[in-house]
Amino acid sequence: MTAEERAEYERLRRHAAVRHRRARRAGSSVLLLLALLLAPLAVVAAWVHDTVSDTGRYVATVAPLASAPPVQDVLINRLTDRVVDNVDVPAVTDSLVRTLQDAGAPPSVLDGAASLEGPLRNAVRTVVDRAVTRVITSDAFPQVWEGANRRSHAAVVNMLTGDREGAVGAVNGTIQLDVGELVDQVRERLVDAGFEKAAAIPDTDRTITLFETEQLGKAQDAMRLLDVLGTWLPVLTVVVAALAVWTAPAHRVMLMITATGVGVMMVGLLVALAVVRRVYLDSVPPAVLPGDAAATVYDTFVRFLRDSTLTLLVVSVITALVAYLYGPGRLARGVRTAADRGTTATGRALENAGARTGAVGRRLAGHRQWITGVVMGAAALTLVLWNHPTVGAVALVVGIALAVLLLLAILAAAAGAAGQAADQAEQRTVP
């Protein structure tokens with residue numbers, strides 16, 4: 001090509017490259033915005049799905065309520081009031097007065113017996129309160145609480161999913177109770193008691209229709225939608241975020257921006273949880289639930305959501321920090337230089353002490369970037385496979401990954417300068 005043709009070619013190529021970079025930047029920006037909008041929704045959807053559809057997760061959520069003093073106080077007062085209300089104290093005092101009248105007691109005694117209604121009610125309440133308190137605060141109550149919540153939640157899940165494994169199930173818009181096991185037990189006991197003809201009790205009609213509802217179909221549809229959103233919305237969010245980083249011209253910068261954006265969204269979600277908590281506490285009348293009990297109930301129910309949000313916030317901060325440390329910034333270069341000097345000095349000290357790593361150390365030094373990527377990928381995979389990781393789990397995995405990277409860097413530095421020079425010379429002589 002002539003000089004003019006070469007110049008025109010270079011101009012067109014630069015123009016195409018600029019246009020391509022603009023298209024990639026615009027596409028990555030759209031994907032980034034979508035990922036940031038989906039991030040808090042994905043966290044909430046996953047939490048709701050786990051709490052609603054997973055009986056074990058639900059029981060773990062409500063289990064602390066049985067040991068919370070504010071909740072125990074509410075249960076003790078409610079149960080005590082219900083028992084005392086069922087005790088007819090006026091009838092007891094009236095019966096006592098009639099008995100004394102029949103016995104010919106003087107009027108002063110009759111007046112004293114009639115005035116016993118208040119003290120007797122207080123005595124009954126004291127006795128009942130003491131008995132209920134022993135039950136609620138006993139070590140057996142948390143087990144009873146967990147068992148009751150497990151059975152009731154499993155029944156609701158079976159009803160919403162149409163599963164017939166439990167005693168309660170949903171069939172064609174009706175809620176049915178399977179009494180087959182009860183029928184079998186009754187039949188066996190009747191036979192054991194001598195009623196041999198009870199063995200002929202048929203196995204048909206083993207279900208009882210509890211009630212019919214037109215809203216059951218809608219509830220089951222909502223359950224199926226929640227199952228889809230709770231499972232796939234987090235996956236979609238991760239995929240969209242990864243595409244935003246991959247599409248951007250500067251992958252490291254976009255990774256840092258995406259991690260920072262997700263961290264900001266998690267902070268916003270924590271603020272939203274605090275606002276909802278305040279609104280909830282203001283909306284609950286003290287007569288319905290005392291303030292301390294209402295706060296305990298709310299904090300207990302959302303604690304896993306708050307933990308997941310904090311965990312994702314910590315992961316976002318760590319990701320943004322790692323992306324920055326791999327960059328050309330002055331602080332990043334200083335940290336990398338300090339780390340290299342520290343590992344090199346430690347490795348040289350081991351070498352001088354006679355603990356040379358030889359060929360293994362030289363291989364580690366020659367494939368340092370690949371090894372670093374493998375360690376970081378293994379750490380990320382561990383967090384992905386971890387069932388509901390917490391901030392402590394993230395700190396543990398990151399700490400182990402950093403320790404492994406430092407150890408490998410020290411082993412690479414302990415290979416010995418002479419051995420590394422020999423390897424380099426050998427690589428230069430190989431055709």
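Quantities reported herein were computed from a predicted structural model and do not represent experimental measurements. (Residues numbered from 1 in each chain as written. Predicted model: local features only at pLDDT ≥ 70, side-chain atom pairs only at ≥ 80, totals over all residues. Heavy atoms only, no water.)

Looking now at the overall build of the chain. Check the secondary structure of the chain and you find 16 helices and 3 strands. Classification of the 431 residues of the chain by burial places 28% in the buried group. Contacts in the chain between residues at least 24 apart in sequence constitute 75% of all its contacts with a sequence separation of at least 6. Of the roughly 26800 Å² of accessible surface on the chain, 65% is carried by carbon and sulfur atoms. (Helix = DSSP H or I, 4+ residues; strand = E, 2+ residues; numbered from the N terminus. Buried < 20%, exposed > 50% of the residue type's maximum accessible area, 1.4 Å probe, protein only. Contact = heavy atoms within 4.5 Å. Areas by Shrake-Rupley, 256 points an atom, 1.4 Å probe, with all protein chains shown as cover.)

Another aspect to go through is the pattern of salt bridges. Within this structure, the stated rule accounts for 4 salt bridges. A salt bridge links R306 to D299; its shortest N-O distance comes to 3.9 Å. Beyond isolated ion pairs, a larger network of salt bridges with shared partners links R277, D299 and R306. (Salt bridge = Lys/Arg side-chain N within 4 Å of Asp/Glu carboxyl O.)

Topologically, T372 is positioned in helix 14 (residues 368-385). Assessed through its relative accessible area of 15%, T372 is described here as buried. Polar side-chain contacts of T372 include one of 2.8 Å to the backbone oxygen of R368. Those residues in contact with T372 that sit more than four places away from it in its chain are Y326 and L405. (Polar contact = N/O pair within 3.5 Å; in protein donor to acceptor, adjacent residues only side chain to side chain.)

With that settled, consider the packing of aromatic side chains. For the structure shown, the criterion picks out 1 aromatic pair. A cation sits over an aromatic face here: R57 above F304, 3.9 Å from the ring centre. Positioned over the ring face of F304 is R303, at 4.3 Å from the centre of the ring. (Phe/Tyr/Trp six-rings, centres within 6.5 Å; stacked < 30°, edge-to-face > 60°. Lys NZ or Arg CZ within 6 Å of the ring centre and 35° of its normal.)

Bringing the nonpolar core into the picture now. Ranked by size, the top nonpolar core spans 18 residues in total, and within it L32, V43, W47, M254, M266 and L305 carry the most contacts. Residue assignment for this core shows that the elements contributing at least two residues are helix 1 (3-53), helix 9 (216-247), helix 10 (251-283) and helix 11 (291-325). Setting aside residues up to four positions removed in sequence, L32 forms contacts with A244, M254, I257 and T258. In this structure, V62, V284, A293 and V297 belong to the second largest nonpolar core, which totals 14 residues. (Core = buried A, V, L, I, M, F, W, Y, C linked by side-chain atoms within 4.5 Å.)

What you tend to see is this: most non-glycine residues have negative phi, and most peptide bonds are trans. In the Ramachandran plot, H388 falls in the positive-phi region, its phi being about 55° despite a non-glycine side chain. Assignment of secondary structure puts H388 in the loop between helix 14 and helix 15 (391-413). H388 sits in the partly exposed class, given a relative accessible area of 30%.

Tracing the backbone shows V394 in helix 15. It is 7.8 Å that separates the C-alpha atoms of V394 and V314, two residues lying 80 residues apart in sequence. Each residue touching V394, except ones within four places of it in the same chain, is listed here: T311, V314, V315, I318 and L383.

Turning our attention to helix 2 (residues 55-62). Counting buried positions along helix 2 gives 6 out of 8 residues, so the element sits mostly inside the fold. Burial in helix 2 covers these residues: T55, R57, Y58, V59, T61 and V62.

So, on to a nonpolar patch on the surface. Nonpolar side chains collect at one region of the surface, where V228, W232, V235, V239, L243 and W246 lie side by side and expose about 630 Å² of accessible area between them. Judged by relative accessible area, V239 falls into the partly exposed class, the value being 43%. (Patch = residues over 30% accessible without salt bridge, like charges linked within 9 Å, V, L, I, M, F, W, Y side chains within 5 Å.)

Turning our eyes to something else, we now look at the packing of helix 2 against helix 11. Following both chains from N to C, one finds helix 2 and helix 11 inclined at 125°, their axes separated by 8 Å at the closest point. It follows that helix 2 is oblique to helix 11 by the angle criterion. Facing R57, Y58, A60, T61 and V62 of helix 2, the residues of helix 11 in contact are T300, F301, R303 and F304. A breakdown of the residues in the contact of helix 2 with helix 11 according to their chemical character gives 5 nonpolar, 2 polar and 2 charged. (Axes fitted to C-alpha atoms, helices over the stretch in contact; angles between N-to-C directions. Parallel < 35°, antiparallel > 145°, perpendicular 65-115°, else oblique. Nonpolar A, V, L, I, M, F, W, Y, C, P; charged D, E, K, R; others polar.)

In this section: the packing of helix 10 against helix 11. Contact geometry of helix 10 with helix 11 gives a least axis separation of 8 Å together with a crossing angle of 170°. By the angle between their axes, helix 10 is roughly antiparallel relative to helix 11. Residue composition of the contact of helix 10 with helix 11, by class: 23 nonpolar, 6 polar and 4 charged.

Before going further, it helps to spend a moment on the confidence of the model for the chain. Residues shown with low pLDDT carry predicted positions that ought not to be read at fine detail. Residues of the chain with pLDDT of at least 70 account for 68%, and the chain-wide mean is 76. This stretch, residues 418-431, has a pLDDT under 50; its non-local contacts, to residues over four places away or in other chains, come to 6 contacts. (pLDDT = per-residue confidence, 0-100.)

Inspection of the secondary structure assignment puts T311 in helix 11. Residue classification places T311 among the buried residues on the basis of a relative accessible area of 6%. One polar contact links the side chain of T311 to the main-chain carbonyl oxygen of D307, over a distance of 2.8 Å. If near-sequence neighbours (up to four positions away) are discounted, T311 is found in contact with P389, T390, V391 and V394.

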